[in-house]
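Coordinate analysis (summary)
Spelled out, the chains give:
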Amino acid sequence: MKRREIIEGEIGRYEYPGIGIIHTEDCEVALKGVLPGQKVRCRIRKAGKTKCDAMLLEILEPSSIEGESRCPHYPECGGCQLQTVPVEEQMAIKSEQIRTLLEDVLEDPEEGWFEGIVPSPAEEGYRNKMEFTFGDPFKDGPMVLGMHKKGSFYDIVDVPECRIVDADIRKIRTAVLQLASETTYPYYHRLTHRGFYRHLLVRKARATGQILVDLVTTTQFRPEMTMEELDRRLVETLTALPLTGTVTGILHTCNDSVADTIHNDKTVILYGTDRIVEKLLGMEFEITPFSFFQTNSGGAEVLYDKVRTYIGDTKDKVIYDLYSGTGTIAQILAPVAKHVTGVEIVEEAVTAAWENARRNHLENCNFICGDVMKVVGSLPEKPDLIVLDPPREGIHPKAMPGILKFGADRIVYISCKATSLKRDLVPLQLAGYRVKKVSLIDLFPGTLHVETVCLLSNTQRPKKESYITLDVEMADYYRIKNEGKNSTT
């Protein structure tokens with residue numbers, strides 16, 4: 001194989017996260033944006049002796065598992081990769097990918113360790129949060145408000161009929177785009193860093209129907225219309241919409257960061273309040289614009305119920321909820337535990353966690369604002385149980401020694417990125433933990449993403465005693481790049 005060579009072939013093996021493999025006489029060719037069984041044409045991007053990376057050029061024949069997409073924006077939109085695949089087949093693909101991925105690093109797992117995948121209660125309209133981006137569908141095109149085009153950083157696909165959000169969120173998106181189009185302000189260009197309109201964030205609570213809308217712009221604007229007039233028209237537009245839910249808060253956030261993410265320089269409440277209330281498993285939780293909360297409320301109940309099952313008996317137990325977000329897991333476990341401590345680096349989320357605890361009349365949980373890596377060494381008690389729900393990057397190598405020093409009887413690890421979980425299982429097993437159960441929760445139907453819940457039990461037999469007291473960065477234990485067990489030695 002040579003770079004830029006064009007080949008055709010059929011997708012055979014399908015690896016996490018959605019990497020298709022074409023087997024040739026000389027090597028394996030890996031590419032994204034495909035499905036198992038498709039016949040494709042692709043161009044070699046990186047050529048090696050036994051493995052090559054390629055870019056998809058054309059799908060020549062569909063896969064036998066494909067059907068019609070229920071979303072009119074597929075496949076141009078890059079948000080959902082499995083829209084043409086029936087949900088049962090989607091879950092089978094995810095199960096096989098995660099099971100195969102984790103098997104590479106598991107050492108002496110419990111018999112029957114993999115429990116498969118639990119479906120989402122809803123296949124469509126399940127997202128309680130959506131972040132839309134202003135932009136154009138092609139260079140110098142009209143302003144649209146939607147999702148990034150598949151394979152593009154700059155082009156935006158207008159998504160008025162997006163299927164993973166409900167009708168209220170779709171109506172709000174359309175109304176805000178109409179208002180923005182009537183003004184003289186341009187959208188923010190991610191290449192030139194000039195423009196006004198950036199994002200629209202909408203959150204809707206499933207249980208209460210409360211809706212929070214946040215328009216994100218730069219501070220660059222023209223004098224034809226003052227910011228106050230725009231804000232007034234935004235409130236008038238949104239409060240007049242015929243919705244099944246209720247708009248309880250309208251915000252305007254200014255973000256002059258060059259990064260293409262929602263960064264909060266300043267947020268002004270234009271109407272109502274800056275939070276909504278969601279209910280999960282009999283408890284109430286306040287959600288602010290930028291705090292972490294599972295985007296599938298129905299699926300979150302399934303996830304947290306699984307966590308409670310894996311945690312087991314919590315009577316008279318001390319529990320640490322590390323990377324606790326708004327304290328959802330901590331508060332669900334608190335009523336049947338001796339004490340729960342949550343640690344979270346986002347100050348806004350910690351404030352919300354304290355408020356939620358008071359709202360739910362919980363007195364046996366507390367929350368600490370700080371980096372887990374820095375906080376674990378100062379926590380006063382030895383926990384009986386630990387819940388880990390880290391960001392996509394997983395546990396920082398410098399945080400792992402402190403977590404392992406506790407020697408907790410059980411650890412429940414919740415992961416939204418299975419490759420991070422795979423990497424972190426290596427030091428956990430070296431310290432004597434054994435994987436008992438793994439279950440998947442399909443929080444994101446239509447996409448390649450899935451939530452993984454892993455139960456580990458402490459065997460009290462660390463394989464590397466010095467590892468527990470290691471206080472330097474443990475690079476040697478994190479050299480896994482999906483090649484399998486050989487890369488962990």
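In case you missed it, the structure is sitting above this.
Notes on the structure in this doc start here. (Residues numbered from 1 in each chain as written. Predicted model: local features only at pLDDT ≥ 70, side-chain atom pairs only at ≥ 80, totals over all residues. Heavy atoms only, no water.)

This part is about empty space enclosed by the protein. Evaluated as defined, the whole model comprises 3 cavities of 30 Å³ or more. The space that makes up the largest cavity amounts to roughly 80 Å³. Around the largest cavity, the lining residues are Phe-292, Phe-293, Tyr-304, Asp-321, Tyr-323, Ser-324, Gly-325, Thr-326, Gly-327, Thr-328, Ile-329 and Asp-389. Looking at the lining of the largest cavity residue by residue, the class counts come to 5 nonpolar, 5 polar and 2 charged. Approximately 50 Å³ is the volume attributed to the second largest cavity. As for the second largest cavity, its lining consists of Arg-70, Gln-83, Val-87, Glu-123, Glu-124, Arg-163, Ile-164, Pro-445 and Gly-446. The class makeup of the residues in the lining of the second largest cavity is 3 nonpolar, 2 polar and 4 charged. (1 Å grid on protein atoms, 1.4 Å probe; cavity = no way out; pocket = protein on both sides within 12 Å on 5 of 7 lines; lining within 4 Å. Points joined across faces, edges and corners; volume = space filled by probe spheres on them. Nonpolar A, V, L, I, M, F, W, Y, C, P; charged D, E, K, R; others polar.)

On to the pattern of salt bridges, then. Evaluation of the coordinates by the stated rule reveals 33 salt bridges. Between Glu-123 and Arg-70 there is a salt bridge, and its shortest N-O distance comes to 3.2 Å. Within this pair, whereas Glu-123 is found in the loop between strand 7 (114-118) and strand 8 (129-135), its partner Arg-70 is found in the loop between strand 6 (51-61) and helix 1 (87-103), the two being separated by 53 residues in sequence. Judged by its relative accessible area of 38%, Glu-123 falls in the partly exposed class. Arg-70 gets classed as partly exposed once you look at its relative accessible area, which sits at 40%. (Salt bridge = Lys/Arg side-chain N within 4 Å of Asp/Glu carboxyl O. Helix = DSSP H or I, 4+ residues; strand = E, 2+ residues; numbered from the N terminus. Buried < 20%, exposed > 50% of the residue type's maximum accessible area, 1.4 Å probe, protein only.)

Below, the discussion takes up a positive patch on the surface. Among the surface-exposed residues, Arg-3, Arg-4, Lys-32, Arg-45 and Lys-46 lie close enough to one another that they form a single positively charged patch. Relative to the elements of secondary structure, Arg-4 occurs in the segment before strand 1 (6-10). The exposure class assigned to Arg-4 is exposed, which follows from its relative accessible area of 52%. (Patch = residues over 30% accessible without salt bridge, like charges linked within 9 Å, V, L, I, M, F, W, Y side chains within 5 Å. Areas by Shrake-Rupley, 256 points an atom, 1.4 Å probe, with all protein chains shown as cover. Lys, Arg positive; Asp, Glu negative; His and termini not counted. Charge placed at Lys NZ, Arg CZ, Asp CG, Glu CD.)

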